[in-house]
Amino acid sequence: MNIKAIKQGVLQAGQAVRKAVPSEGIILKEGRLNFVTAADLESERILKEAITKNFPDHQILSEETESHIEDVLAVEHLWVIDPIDGTSNFRYERGYSGISVGLVEKGEPVLGLIYDPFRDELFFAEKGKGAFLNGHPIRVDDKTELAKATVMTDNSYDSNGTKSNLEMLLKLNPTPWVLMRGSGVLAFCDIASGRADVYAHQYLKPWDNAAGFVIAKEAGAVIKGLEGEDVDFTASSLVVGNETLVEQFLEQIK
C-alpha cells in the first residue's frame, strides 16, 4: 500500500490550508456556525486526487461531497476524509483545526492520518502497528482518577446538542477540568498523545471518527458508546480514553 503518497497528499493539503485566506469562498451550511470555505474545497481536491491516483478502485466518503454509498460499513475499501475539521476555528484564525484521512475496510478503520497544519504535527497509525506523532510513538495517559483528569467535549451545530454535551459532563462529580476546543479529529489525537484524558461527544460524524479511531486505539485508548457498548466509526455518541477512566466516566453518567 502506497501510504507515503497519501501522507504527501495530507501534507500538501495542510500547506494549502496554511496559505489560504480564511474568509474566502464561504458557503453557509445547515446549522449555526456551519460553513465551508475555499480552503475546505481545495484541501478536499488535493486529498481526493492523491487517493484516486494511487487507489483508483477505492471509494471515498468526504464531509463536503454528497455521498451515494448506501452502506459505508459494507464497502471493501473506503477512504473517509474531512478536509478541515474545525472550520469555525479556521475561519476565525484560532489555530486549532485538523485534516483527517482514514481508510476503512468493511467497516473497520485500519489506517489513520490526522494533520494539524498550524503546528506541523502529523498523527499516524496503522492497525496493529502503533500510533505516532511526527514519527515518534505516542500513548494515552495512565491516569486512574477521573476527578484529576482533563475531559474534552465540543459544541454542536445544534444548540440543543451543545446543551446535551454539557449536561452529560455535569453528571461527573467532582467536576473534572473541561476543554471544548472545536475539532473532534484533534481531540482524538489529544487523547492518543496524553495531552488530555477523556473525550466524549454525542453528535459526531463518520469523518470525525474514521482516522481518530485507529490513532486512539493504537495509542492504547478504548472507545465505547455511552451505554458501554462497542461502537463502529459511524457512531455519533461515544467516549474515548484509557480503559480505567472510560469505565469511571460511564458509571458516573448513568
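Preceding this paragraph is the structure being described.
Everything in this summary refers to the structure shown in the same document. All values derive from a computational prediction rather than experimental measurement. (Residues numbered from 1 in each chain as written. Predicted model: local features only at pLDDT ≥ 70, side-chain atom pairs only at ≥ 80, totals over all residues. Heavy atoms only, no water.)

## Examining the overall build of the chain
A tally of regular secondary structure across the chain gives seven helices and 14 strands. Its C-alpha atoms give the chain principal-axis dimensions of about 50 × 40 × 35 Å. Roughly 11800 Å² of accessible area belongs to the chain as shown, and the carbon and sulfur atoms make up 47% of that amount. Computed over 26 positive and 39 negative side-chain charges, the inter-centroid distance for the chain is 4 Å. (Helix = DSSP H or I, 4+ residues; strand = E, 2+ residues; numbered from the N terminus. Areas by Shrake-Rupley, 256 points an atom, 1.4 Å probe, with all protein chains shown as cover. Lys, Arg positive; Asp, Glu negative; His and termini not counted. Charge placed at Lys NZ, Arg CZ, Asp CG, Glu CD.)

## Considerations on the packing of aromatic side chains
Counting across every chain of the model gives three aromatic pairs. An angle of 65° between the planes, with centres 6.0 Å apart, marks the rings of Phe188 and Tyr199 as edge-to-face. Here Tyr199 lies in strand 12 (residues 198–201) and Phe188 lies in helix 5 (residues 184–192), a separation of eleven residues in the sequence. By relative accessible area, Phe188 is classed as buried at 0%. Using a relative accessible area of 0% as the deciding quantity, one classes Tyr199 as buried. Ring pairing ties together the aromatic residues Phe188, Tyr199 and Phe213, which thus form one cluster. Over the aromatic face of Tyr92 sits the side chain of Arg91, whose NZ or CZ is 4.9 Å from the ring centroid. (Phe/Tyr/Trp six-rings, centres within 6.5 Å; stacked < 30°, edge-to-face > 60°. Buried < 20%, exposed > 50% of the residue type's maximum accessible area, 1.4 Å probe, protein only. Lys NZ or Arg CZ within 6 Å of the ring centre and 35° of its normal.)

## A closer look at the environment of Ser193
With respect to the helices and strands, the residue Ser193 is situated in the loop between helix 5 and strand 12. Distance in space between the C-alpha atoms of Ser193 and Gly220 is 9.8 Å, their sequence separation being 27 residues. Setting aside anything within four residues of it in sequence, one finds Ser193 in contact with Phe123, Ile138 and Arg139. (Contact = heavy atoms within 4.5 Å.)

## A short note on the packing of helix 1 (residues 3–19) against helix 2 (residues 38–54)
Relative to each other, helix 1 and helix 2 sit at 165°, their axes nearing to 9 Å. By the angle class used here, helix 1 and helix 2 are roughly antiparallel. Here helix 1 runs over helix 2; the crossing is right-handed. For the pair formed by helix 1 and helix 2, the contact residues are Ala5, Ile6, Gly9, Val10, Gln12, Ala13, Ala16 and Val17 on the first element and Ala39, Glu42, Ser43, Ile46, Leu47, Ala50, Ile51 and Asn54 on the second. Split into classes, the residues belonging to the contact of helix 1 with helix 2 amount to eleven nonpolar, four polar and one charged. (Axes fitted to C-alpha atoms, helices over the stretch in contact; angles between N-to-C directions. Parallel < 35°, antiparallel > 145°, perpendicular 65-115°, else oblique. Left-handed = near helix turned anticlockwise from the far one by under 90°. Nonpolar A, V, L, I, M, F, W, Y, C, P; charged D, E, K, R; others polar.)

## Some details on the sheet that holds strand 9 (residues 136–137)
With respect to topology, seven strands assemble into an open sheet ordered 3-4-5-6-7-8-9, the strand pairing being mixed. Looking at which strands have only one partner, the edges of the open sheet turn out to be strand 3 (59–62) and strand 9. In this structure, strand 3 lies alongside strand 4 (residues 78–85), joined through four bridges in parallel fashion. Considered in strand 4, the bridge of Ile60 is made with Trp79. Its contacts with the sheet put helix 1 on strand 4, strand 5 (98–105), strand 6 (108–116) and strand 7 (121–126), and the angle it makes with strand 6 is roughly 35°. Across the sheet, helix 6 (residues 206–218) touches strand 3, strand 4, strand 5, strand 6, strand 7 and strand 8 (131–133), and the angle it forms with strand 6 is around 95°. (Pairing = 2+ DSSP bridges.)

## Description of the pattern of salt bridges
Taken as a whole and judged by the stated rule, the model has twelve salt bridges. Glu108 is the salt-bridge partner of Lys127, the closest N and O atoms lying 2.4 Å from each other. Here Glu108 lies in strand 6 and Lys127 lies in the loop between strand 7 and strand 8, a separation of 19 residues in the sequence. Since its relative accessible area comes to 46%, Lys127 is described here as partly exposed. Between Asp230 and Lys224 there is a salt bridge; the shortest N-O distance is 2.7 Å. Note on Asp230: relative accessible area 64%, which makes it exposed. Residue Lys224 is classed as partly exposed on the basis of its relative accessible area of 24%. (Salt bridge = Lys/Arg side-chain N within 4 Å of Asp/Glu carboxyl O.)

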